[in-house]
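Each chain is listed here by its residues.
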Amino acid sequence: MRAVRLQYLLTFAVLGSYTPFAPFYFDQQHLNATLIGYIMAAASVAVVMSPVLITLLADSHLDARRLMAVLFVLGAAGLAAMPALHTFWPILLLWVFYNVTSVSLAPLQDGINFSIQERRRSEGKSTEPYHRVRVWGTVGYILPCIAIYIAMRHGMPVGVSWAVAAGFSVLAAVNALSLPDPRASAVPTASGLPTVAAARALLRPPLLVFCLALFLLQMASAPYYAYYSIYLTRQVHLDPQWIGPINNIGPIFEILFVLGFGRFVRLFGLRWVLAGGLLLTAVRVGMLALWPTPAVAIGTQVMHGALVLVLQVAPPVFLNRHAGDRWRHSIQGIYTMLVIGGGRIVGNLVGGPIARHSLTAVFGFSAIVVAVVAALVLVAFVEADHEPAENVSSAEEVESTMAQTAAPEA
């Protein structure tokens, strides 16, 4: 499992290298908030196109590890080329290309991890709960920000973040080839496309309500991720060199949230963990809208882990609890396409014009939507009270507690 943990670390190190800095870099190229929103929305179109195809290939008994390696290498090329571009259309096209290669990596990585865990369980070996593997991604997200901060302190431009991201992407490609083989020893004989079976599962309760709630949350969080760095420099008037360290505060506290995820679910149930995380997020983003000061902008980062639990930790585990062996990758891919991709497109298209008018208003919009999502979860999300009939990926902690609904047949 060491290679799996390292894979999460490297994959999120790529994200940590450019995610906090990309909006500010685009802003430095004299692109206004509306154009930045268009860039982010266009990139989200890649989320609609790519993950389903890639995860279908992975579920078709191809080697998902090699797929990952190829995608990382292509992504490294796109990241390395970004500093050479300075105008809207070239930046938009390259950003779309990069996202086509990268958006499938998260569902592919989660599918590989769950498949390896399931295979180990069937062989009587120990397994590791998802949140204990995923926490290495948080550690990986933190590491490059430190290096980039040091580079910027010594006069390097913010564009250095693209080079750091490309380097981590190459390392992630190499490590992907060292992962254990996630494929089952025999190809299942069930008929039909894995994608169809996965889509059918997502259209049934409680997944349907869960996906609707997470779609709205993706819509609300997209403007936050797109404009927080610009908010720090333009609204709060902090020096750009502090973007990385400030963005690191959230992931540091996020580690505590992620490691505590299994205990939270055991104590309170998934419904209340989701609702609590959403309410904390609504408060946090609302404070950014109402009080645009350095103390609030920095201090509210301690609550960032609540958003991560709901947005990134709970969904893969919950979806996997409803997945069959034939479509373990595909259910993650369809979720990425419909919920993550669709939500980001809508959020960025709506958030761009609002942010151009007012950076505080865009956070106010996000806070209202997140509060609505919290109400939806409390009213409509229901956890069943019986164990899944098949395809339980782990008997430990949160995996034995979450999503206790019978898994649909392929």
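Basis of the calculations
Residues numbered from 1 in each chain as written. Predicted model: local features only at pLDDT ≥ 70, side-chain atom pairs only at ≥ 80, totals over all residues. Heavy atoms only, no water. Helix = DSSP H or I, 4+ residues; strand = E, 2+ residues; numbered from the N terminus. Buried < 20%, exposed > 50% of the residue type's maximum accessible area, 1.4 Å probe, protein only. Contact = heavy atoms within 4.5 Å. Areas by Shrake-Rupley, 256 points an atom, 1.4 Å probe, with all protein chains shown as cover. Phe/Tyr/Trp six-rings, centres within 6.5 Å; stacked < 30°, edge-to-face > 60°. Patch = residues over 30% accessible without salt bridge, like charges linked within 9 Å, V, L, I, M, F, W, Y side chains within 5 Å. Salt bridge = Lys/Arg side-chain N within 4 Å of Asp/Glu carboxyl O. Axes fitted to C-alpha atoms, helices over the stretch in contact; angles between N-to-C directions. Left-handed = near helix turned anticlockwise from the far one by under 90°. Nonpolar A, V, L, I, M, F, W, Y, C, P; charged D, E, K, R; others polar. Core = buried A, V, L, I, M, F, W, Y, C linked by side-chain atoms within 4.5 Å. Expected span 1.5 Å × (residues − 1). Polar contact = N/O pair within 3.5 Å; in protein donor to acceptor, adjacent residues only side chain to side chain. Parallel < 35°, antiparallel > 145°, perpendicular 65-115°, else oblique.

Asker: Got a sec to walk through the overall build of the protein? Specific residues and values, please.
Answerer: Along the backbone of the protein there are 17 helices and zero strands. With 410 residues in all, the protein has 61% of them scored as buried. When contacts within the protein are restricted to residue pairs at least 6 apart in sequence, long-range pairs at least 24 apart make up 85% of them. Carbon together with sulfur atoms contributes 69% to the accessible area of the protein, which is approximately 15500 Å² in total.

Asker: I'd like to hear about the packing of aromatic side chains, residue by residue, with values.
Answerer: A complete count under the given rule lists 21 aromatic pairs for this structure. Aromatic side chains F88 and W89 sit 5.2 Å apart centroid to centroid with 70 degrees between the ring planes, which places their arrangement in the edge-to-face category. Of the residues examined, W89 reaches a relative accessible area of 56% and is grouped as exposed. When the centroid spacing of 5.8 Å and the interplanar angle of 75 degrees are considered together, the rings of W95 and W162 count as edge-to-face.

Asker: Lay out a nonpolar patch on the surface in plain terms, naming residues and giving numbers.
Answerer: On the surface, I252, F253, L256 and V302 cluster together into a nonpolar patch covering about 350 Å² of accessible area. Here I252 is to be found in helix α11 (residues 243-259). A residue is classified by how much of its surface remains accessible, and I252, at 47% relative accessible area, is partly exposed.

Asker: Tell me what's going on with the packing of helix α16 (residues 328-357) against helix α17 (residues 359-380), and back it up with residues and numbers.
Answerer: Between two packed helices, both the angle of their axes relative to each other and the distance between the axes serve to describe the pair. Running from N to C, α16 and α17 cross one another at 145 degrees; their axes reach a closest spacing of 6 Å. Note on packing geometry: the crossing formed by α16 with α17 is right-handed. Each of V350, G351, I354 and A355 in α16 lies in contact with α17, whose residues at this interface are L359, A361, V362 and F365. Partitioning the contact of α16 with α17 into residue classes produces seven nonpolar, one polar and no charged.

Asker: Describe the nonpolar core, listing the residues and the values that go with them.
Answerer: One finds F26 and W95 to be the most contacted residues of the largest nonpolar core, which totals 128 residues. A total of 15 residues in this core trace back to one element, the largest contributor, which is helix α10 (residues 207-235). Beyond its immediate sequence surroundings of up to four residues, W95 is in contact with Y18, A22, F26, I39, M40, A43, M82 and W162.

Asker: So what's going on with helix α6 (residues 105-122)? Which residues, and what values?
Answerer: Taking 1.5 Å as the rise per residue, α6 with 18 residues should run 26 Å; its terminal C-alpha atoms sit 25 Å apart, in good agreement. Across the 18 residues of α6, 13 count as buried, placing the element largely inside the fold. G124 occupies a position one or two residues after α6 and carries a positive phi of about 80 degrees.

Asker: Give me the pattern of salt bridges: which residues, what numbers.
Answerer: Under the defined criterion, the tally for this structure stands at five salt bridges. The residue E128 makes a salt bridge to R5 at a minimum N-O spacing of 2.9 Å. Placement of the pair is E128 in the loop between α6 and α7 (130-153) and R5 in helix α1 (residues 2-18), with a sequence separation of 123 residues. The exposure class assigned to E128 is buried, which follows from its relative accessible area of 19%. A residue is classified by how much of its surface remains accessible, and R5, at 23% relative accessible area, is partly exposed. Measuring nitrogen to oxygen at the nearest pair gives 2.8 Å for the salt bridge that ties R65 to D63. Each of D63, R65 and R66 takes part in a single network of salt bridges with overlapping partners.

Asker: Describe the environment of S17, with residues and values.
Answerer: Assignment of secondary structure puts S17 in helix α1. A C-alpha to C-alpha distance of 8.7 Å links S17 and I142, two positions 125 residues apart in sequence. If sequence neighbours within four positions are ignored, S17 has contacts with P144, I148, S161, V164, A165 and F168. A polar contact is formed between the side chain of S17 and the backbone oxygen of A13, at a distance of 2.7 Å.

Asker: Help me get a handle on the environment of A213, residues and values and all.
Answerer: Considering the arrangement of structural elements, one finds A213 in helix α10. Residue classification places A213 among the buried positions, given a relative accessible area of 3%. Sequence separation of A213 and A374 is 161 residues, and the distance between their C-alpha atoms is 8.1 Å. Every residue in contact with A213, bar those within four places of it in the chain, is listed here: V373, L376 and V377.

Asker: Outline the packing of α1 against α6, listing residues and values.
Answerer: α6 packs onto α1 with a crossing angle of 170 degrees between their chain directions and a minimal axis gap of 11 Å. Regarding the angle of α1 to α6, the classification is roughly antiparallel. On α6, the residues touching V4, Q7, Y8, T11 and F12 of α1 are Q109, D110, N113 and I116.

Asker: Could you give me a rundown of unusual backbone geometry, with the residues and numbers involved?
Answerer: Of note, H30 is a non-glycine position whose phi angle comes to about 65 degrees, a positive value. Along the chain, the position of H30 falls in the loop between α2 (22-28) and α3 (33-59). Residue H30 is classed as exposed on the basis of its relative accessible area, which comes to 76%. Even without being glycine, H237 reaches a positive phi, approximately 65 degrees. Along the chain, H237 falls in the loop between α10 and α11.

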